[in-house]
Amino acid sequence: MAVEPEHASVNGRKKPQRPQRTHREVADELRARIRSGVLRPGQRMPTQAQLAAEFGVERQAVRGALRILQSEHLLTNISKGAPATVAERADRAPAGPAAPPQPTTVALAPRIASAFEAEHVHIDAVCLTAVSLTLAMGEPLRQIYAGRLKPAKVDVRVLLPSRSIDLAFPVPVGGRRGHDDPVHERWLAQRNAQGQVLRHNLLALRATHGIDVRVTFRALPFTPPVKLYLLNNTEALFAYYTVTRSEAQIGQESLPTYDAQGVRSMLFAFEQGDGLRDTTFVEQSHLWFNALWETISSELELTD
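Per chain, the residues get numbers from 1 upward, laid out in the order the sequence is written. The predicted nature of this model means local features are confined to residues of pLDDT at least 70 and side-chain atom pairs, given and counted, to a pLDDT of 80 or more, with totals for whole chains, interfaces and linings taken over all residues. Note that the side-chain values use all heavy atoms of the structure and ignore hydrogens as well as water.

What is the right way to read the sheet that holds strand β8 (residues 171–172) from this model?
Read across the sheet, three strands follow the order β8-β13-β12 without closing on themselves; strand pairing throughout is antiparallel. Strand pairing shows two members of the sheet lacking a second neighbour, β8 and β12 (244–250), which therefore form its edges. Judged from the seven bridges that link them, β12 and strand β13 (residues 253–259) form a sheet pairing that is antiparallel. Bridge assignment links Ala248 to a residue of β13, and that residue is Leu255. Here, a strand pair is defined by DSSP locating no fewer than two bridges between the strands. The secondary structure listing takes helices from DSSP runs of H or I that are at least 4 residues long and strands from runs of E that are at least 2 residues long, numbered from the N terminus.

Shown next, in the form of C-alpha cells:
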C-alpha cells in the first residue's frame with residue numbers, strides 16, 4: 001500500500017495528510033497555534049493552498065476554517081487575493097467550538113463577505129427592516145471595489161413585513177392611536193430607506209463591475225419574531241427579536257414603545273454538513289423561507 005506524502009506544518013513540524021479532517025478541525029488546530037503564540041498577532045497566515053496541502057483537505061474546508069476564526073476575531077483580511085492576517089488582539093477574542101454566539105453587528109458582516117467568495121452568491125433574509133443586512137453588505141462591497149472579490153452573479157431575496165398589517169412591534173405602549181401612528185410611520189420609513197439603499201448598492205455592481213445582480217423584496221402578512229439569513233444554500237444564521245420597553249424620540253415627542261434592537265440580537269450559526277442537527281436546520285430553514293416566498297407573501301414596493 002502506498003504511503004501518503006508528508007506535508008510541512010506552518011510551525012515546522014511534519015504531519016501526514018488527513019483527508020477526513022473537517023473545516024472545524026482545521027479551525028481548532030489553527031486556533032491552538034494562535035493561542036499558543038506559534039502564529040503571532042500581525043503575522044501573515046500561510047496561503048489557502050498551503051493550508052489545504054498541509055491538512056489534506058479541499059480549499060473549501062480551509063475557507064470554512066478561516067471564516068470561523070474571522071468570526072471569532074482571530075483573523076483579519078480574509079480574501080482570495082492574499083493570505084489572512086492574525087488579528088492584533090487575538091488573545092482577547094472568544095475561541096473554541098463552544099464559544100457563545102455574537103451580536104449581529106459583529107458576526108454577520110464577515111459571514112456575508114465569505115459568502116461573496118462564491119461564483120454565484122445567493123442570500124435570503126427574513127427581517128424587520130433590513131438594517132443589519134444593509135450594514136453587513138458594506139464589507140463585501142469594499143472587497144469587490146478593491147478587486148479582492150468578483151462573483152459572477154448575486155441573487156438576494158428579502159422578506160419584510162407588509163406596511164398594511166398591525167405590527168406586533170414596534171408599537172406604542174398602550175397600543176396604536178388609530179390610523180395616525182408615528183411609531184408605525186417611523187418603522188415604515190426605515191424599512192423603505194434601508195431596502196432602497198441595499199438595492200441601490202448591489203445593483204450598482206452591474207455598471208461598475210459587470211456583475212449579474214438581482215435584488216427582490218416581498219411582503220409578509222405578519223411580524224417576524226426572528227431574523228434569518230441563508231447564505232449560498234449552505235449556512236443559516238438565526239437570531240431572536242427580543243422585545244423590550246424603550247423610549248422613541250419622534251419629532252419633539254418622546255413615546256414609550258415596545259421594540260426590538262435587531263442589530264444587537266445574538267446570532268446563532270448553523271452550517272450544512274456540520275453534523276445532522278446543523279444540516280437539518282439549514283434544510284428546514286430553506287423550506288420555510290421558500291414556502292413563505294411562494295405562498296402567503298406579496299409584492300413589496302419600497303415606497304411611502
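It is not clear to me how helix α6 (residues 138–145) should be interpreted in this structure. Could you clarify?
Along an α-helix, a turn takes 3.6 residues, which lines up residues three or four apart on a common side. Among the residues of α6, Gly138, Pro140, Leu141, Gln143 and Ile144 are the ones counted as buried. By definition in these notes, contact holds between two residues if any of their heavy atoms fall within 4.5 Å. Its buried side turned inward, α6 meets α4 (104–115), α5 (131–136) and α7 (182–209). In the stretch just after α6, Gly147 is the one whose phi turns positive, near 85°. We call a residue buried when its accessible area falls under 20% of the maximum for its residue type, exposed when it is over 50%, and partly exposed in between, using a 1.4 Å probe and counting protein chains only.

Sorry, what's going on with the packing of aromatic side chains here?
The relation between two aromatic rings is expressed through the spacing of the ring centres and the mutual angle of the planes. Aromatic pairing here means that ring centres of Phe, Tyr or Trp (its six-membered ring) are within 6.5 Å. Orientation follows from the plane angle: under 30 degrees is stacked, over 60 is edge-to-face, and everything else is tilted. Tallied over the full model, the rule gives five aromatic pairs. Judged by centre distance (3.9 Å) and plane angle (25°), the ring pair of Phe270 and Phe281 falls under stacked. With a gap of eleven residues between them, Phe270 in strand β14 (residues 266–271) and Phe281 in helix α8 (residues 276–294) connect regions that are remote in the sequence. Under the relative-accessibility criterion, Phe281 is labelled partly exposed at 25%. In textbook terms, an aromatic cluster arises when at least three aromatic residues are bridged by ring pairs, as seen for Phe238, Tyr240, Phe270 and Phe281. Here the guanidinium or amino end of Arg157 rests over the ring plane of Trp293, the centre of that ring lying 5.0 Å away. Just above the ring of Trp293 sits the side chain of Arg218; from NZ or CZ to the centre is 6.0 Å. Here, a charge over a ring is recorded when the distance from Lys NZ or Arg CZ to the ring centre is within 6 Å and its angle to the ring normal is within 35 degrees.

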